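# Coordinate inspection notes
For reference, the chains in residue letters:
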Amino acid sequence: MTQDARDQEHEKPQPSDSDAAANGESPQQSSTSDDAASNEDLAAAFLRDTEVVEEAVEDGKKIRRKGIYLLPNLFTTSALFSGFFAVVAGINGEFTSAAVAIFIAMVLDGLDGRVARMTNTQSEFGAEYDSLADMISFGMAPALVAFTWILQDIGKTGWVVAFLYVACAALRLARFNVQIGSVDKKWFIGLPSPSAAALVAASVWTFHSFDADAFGFKLLMLVVVGAAGVLMVSNIRYYSFKDLDFKKPVPFVVLLAVVLGFVMISVEPSVMLLLLFAAYVCSGPVLAIMRKAKPKS
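A brief structural summary. (Residues numbered from 1 in each chain as written. Predicted model: local features only at pLDDT ≥ 70, side-chain atom pairs only at ≥ 80, totals over all residues. Heavy atoms only, no water.)

## Overview of the pattern of salt bridges
Proximity of charged atoms lets side chains of opposite charge pair with each other. Applying the stated criterion to the full structure yields 1 salt bridge. Two residues, lysine 218 and aspartate 153, come together in a salt bridge whose shortest N-O distance is 3.7 Å. In this pair, lysine 218 sits in helix 9 (residues 215-232) while aspartate 153 sits in the loop between helix 6 (124-149) and helix 7 (156-179), placing the two residues 65 residues apart along the sequence. With relative accessibility at 47%, the residue aspartate 153 sits in the partly exposed group. (Salt bridge = Lys/Arg side-chain N within 4 Å of Asp/Glu carboxyl O. Helix = DSSP H or I, 4+ residues; strand = E, 2+ residues; numbered from the N terminus. Buried < 20%, exposed > 50% of the residue type's maximum accessible area, 1.4 Å probe, protein only.)

Here is the structure:
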């Protein structure tokens, strides 16, 4: 650069404090406002790029709806957290805590759909999110808890059966999603994944509490996990309890039976929950056999 060029460079007018003052703001305020505008642009771009947009039908018209409903998705997220906690607890050898976490996830999973219907906040996003959360809570978590507790002692057969359960849970959830609206709501086609997870979790909880680690219990868990997986993808019908109307009056003895049920579960939770869900799991094949054996009129 020549001397003349350097002189011209020095002679260029530089922004001065007087220029900022002429605009009614100090130099610091001007810099702060520029930074704030830049941050607002970045925030707006981030919100625009990450926004969820889905088509919905309201009053018979298709609309494009932005955003998600917070309340039902909070329950789904809580169920997902419980399922992940069950996995971590199982890896750390805390099998009782892992089983309890799966049951908590089951309760939360039952609430999110009901909350969405009660508040009219159903959405496709919520349905897909719930399905993915179910895969973790009722597919991956029970299989890993059972494997880390006892199935790993059986060797290759143990992890193959655990994988079979996970794969069947994924297939069960995928089939359920495509069958929504095309099957009788009174029945589930195949064992519901929460009930299958409850059976596995209750088995781990019960047998671990009694230190049942003999080879016979290992084979029993192998059968329980494998059978639960196969029943999920079967065509056996299970009663869904969706036709029960809790708004109608019921006889007093029904409430008494509910109270007695809670009392019995509180005495020995793991054993009673195992018996309860084992009975539900067996109800499907038993009813199918009864329907087959019933003479046609």
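Still to come is the rest of the account.
## A look at helix 8 (residues 193-209)
Between the first and last C-alpha of helix 8 there are 24 Å, a value that for 17 residues agrees with the 24 Å anticipated at 1.5 Å per step. With respect to burial, helix 8 is a largely interior element, 15 of its 17 residues being buried. A positive phi of about 50° marks aspartate 211, the residue just after helix 8. (Expected span 1.5 Å × (residues − 1).)

## A look at the packing of helix 10 (residues 252-267) against helix 11 (residues 269-293)
Following both chains from N to C, one finds helix 10 and helix 11 inclined at 125°, their axes separated by 5 Å at the closest point. The angle between helix 10 and helix 11 falls in the class oblique. Each of Met264, Ile265, Ser266 and Val267 in helix 10 lies in contact with helix 11, whose residues at this interface are Pro269, Met272 and Leu273. Here the residues of the contact of helix 10 with helix 11 are counted per class, giving 6 nonpolar, 1 polar and no charged. (Axes fitted to C-alpha atoms, helices over the stretch in contact; angles between N-to-C directions. Parallel < 35°, antiparallel > 145°, perpendicular 65-115°, else oblique. Contact = heavy atoms within 4.5 Å. Nonpolar A, V, L, I, M, F, W, Y, C, P; charged D, E, K, R; others polar.)

## Description of the side chain of serine 82
With respect to the helices and strands, serine 82 occurs in helix 4 (residues 70-91). By relative accessible area, which is 9% here, serine 82 ends up buried. With sequence-adjacent residues up to four places away left out, serine 82 is seen in contact with Ala101, Ile104, Ala105 and Leu108.

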